[in-house]
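Chain by chain, the residues run as shown.
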Amino acid sequence: MKEAFPFYHADASAHLANPQARIVIDDGRRFLARTRERYDLIVVDPPPPPEAAGSSLLYSKEFYRLAQERLNAGGILQAWIPKAGGPIAIAALRSMRESFPYVRCFMAPNRYGMHMLGSMQPIDRCTPAEMAARLPPAAARDLLEWNLTPDLEHYLKLVLAPEIPVDAALQQKNEIRITDDQPYNEYFLLRQLGVL
């Protein structure tokens, strides 16, 4: 991935040379378990599909609890799940909701998946204009790099508009969740056969 970075981004060398940045090539969960560092933001962007063996390790209640320990006060865990609304997404959302007292969930702008935010403190509700004003120019450029609209506020409206009401979403699907002992998302064949 590090070697491919310049292929996708013209400014990759500047980011790689940034003295405030550090690239760690490791399993995300193992890294969090071994470090004593604390973070304002932990972003989980696992490769699709969520049914892949081992992917439950980044969606489970145990992982979310580990992330809690590594977050600063007011810190946020963000996790993307590729399939929005299906039972796997609901199971991941329930695991997050049982791990964090404050959870918000948004449909991805392209409707491919959902983004879950979890925190131990309330998560600010910003308008698109407020959020656009807070973003540094370089972050705004990065955010719009792969989007069709050059208008940051318009794009943020697309991101924030389809908020999924967490409690309503969790009223379905028989209390399913993802844990280390019950990796619901990995039982692909059983779900296809209608056993789960």
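Report follows, based on the coordinates. (Residues numbered from 1 in each chain as written. Predicted model: local features only at pLDDT ≥ 70, side-chain atom pairs only at ≥ 80, totals over all residues. Heavy atoms only, no water.)

### A short note on the overall build of the protein
So, step 1. In terms of helices and strands, the protein carries ten helices and five strands.
So, step 2. Taken over C-alpha atoms, the radius of gyration comes to 18 Å for the protein, in line with the 16 Å a tight globule of 196 residues would show.
So, step 3. Taken along the three principal axes of its C-alpha coordinates, the protein extends 50 × 35 × 35 Å.
So, step 4. Here the protein holds 196 residues, and 37% of them are scored as buried.
So, step 5. Taking all contacts inside the protein whose residues are at least 6 apart in sequence as the whole, residues at least 24 apart take part in 65%.
So, step 6. Roughly 11,900 Å² of accessible area belongs to the protein as shown, and the carbon and sulfur atoms make up 57% of that amount.
So, step 7. Placing the 22 positive and 23 negative side-chain charges of the protein at their respective mean positions leaves the two points 4 Å apart. (Helix = DSSP H or I, 4+ residues; strand = E, 2+ residues; numbered from the N terminus. Rg over C-alpha atoms; globule rule 2.2 N^0.38 Å. Buried < 20%, exposed > 50% of the residue type's maximum accessible area, 1.4 Å probe, protein only. Contact = heavy atoms within 4.5 Å. Areas by Shrake-Rupley, 256 points an atom, 1.4 Å probe, with all protein chains shown as cover. Lys, Arg positive; Asp, Glu negative; His and termini not counted. Charge placed at Lys NZ, Arg CZ, Asp CG, Glu CD.)

### Regarding the sheet that holds strand β3 (residues 102-107)
So, step 1. Taking strand neighbours across the sheet as the criterion, the five strands line up as β1-β2-β4-β3-β5 in an open arrangement whose pairing is mixed. In this open sheet, the two edge strands, each paired with only one partner strand, are β1 (39-44) and β5 (163-164).
So, step 2. Where strand β2 (residues 71-81) meets strand β4 (residues 114-119), six bridges bridge the pair, whose relative direction is antiparallel. Within β4, the residue paired with Trp80 across the bridge is His115.
So, step 3. Where helix α4 (residues 61-70) meets the sheet, it contacts β1, β2 and β4, and its direction lies at approximately 145° from that of β2.
So, step 4. Packed onto the sheet, helix α5 (residues 87-99) meets β2, β3 and β4 and runs at close to 10° relative to β4. (Pairing = 2+ DSSP bridges. Axes fitted to C-alpha atoms, helices over the stretch in contact; angles between N-to-C directions.)

### Some remarks on the nonpolar core
So, step 1. One finds Ile42, Tyr64, Leu77, Leu93, Met96, Met114 and Met116 to be the most contacted residues of the largest nonpolar core, which totals 33 residues.
So, step 2. Contributions of two or more residues to this core are made by β1, α4, β2, α5, β3, β4 and α9 (166-169).
So, step 3. Among the elements that line this core, the one with the most residues is α5, at seven residues.
So, step 4. In terms of nonpolar packing, the next biggest core, distinct from the first, is built from six residues, Ala132, Ala140, Leu152 and Leu156 among them. (Core = buried A, V, L, I, M, F, W, Y, C linked by side-chain atoms within 4.5 Å.)

### Describing α4
So, step 1. Listing the buried residues of α4 in full gives Lys61, Phe63, Tyr64, Leu66, Ala67 and Arg70.
So, step 2. In this fold, the buried residues of α4 make contact with α3 (28-34), β1, β2, α5 and β4.

### Details of the side chain of Asn185
So, step 1. Turning to its location among the elements, Asn185 is positioned in the loop between α9 and α10 (188-192).
So, step 2. On the basis of relative accessible area, Asn185 is assigned to the buried category, the value being 0%.
So, step 3. There is a polar contact of 2.6 Å between the side chain of Asn185 and the backbone oxygen of Pro50. (Polar contact = N/O pair within 3.5 Å; in protein donor to acceptor, adjacent residues only side chain to side chain.)

Functional significance is not addressed by these values, which are geometric in nature.
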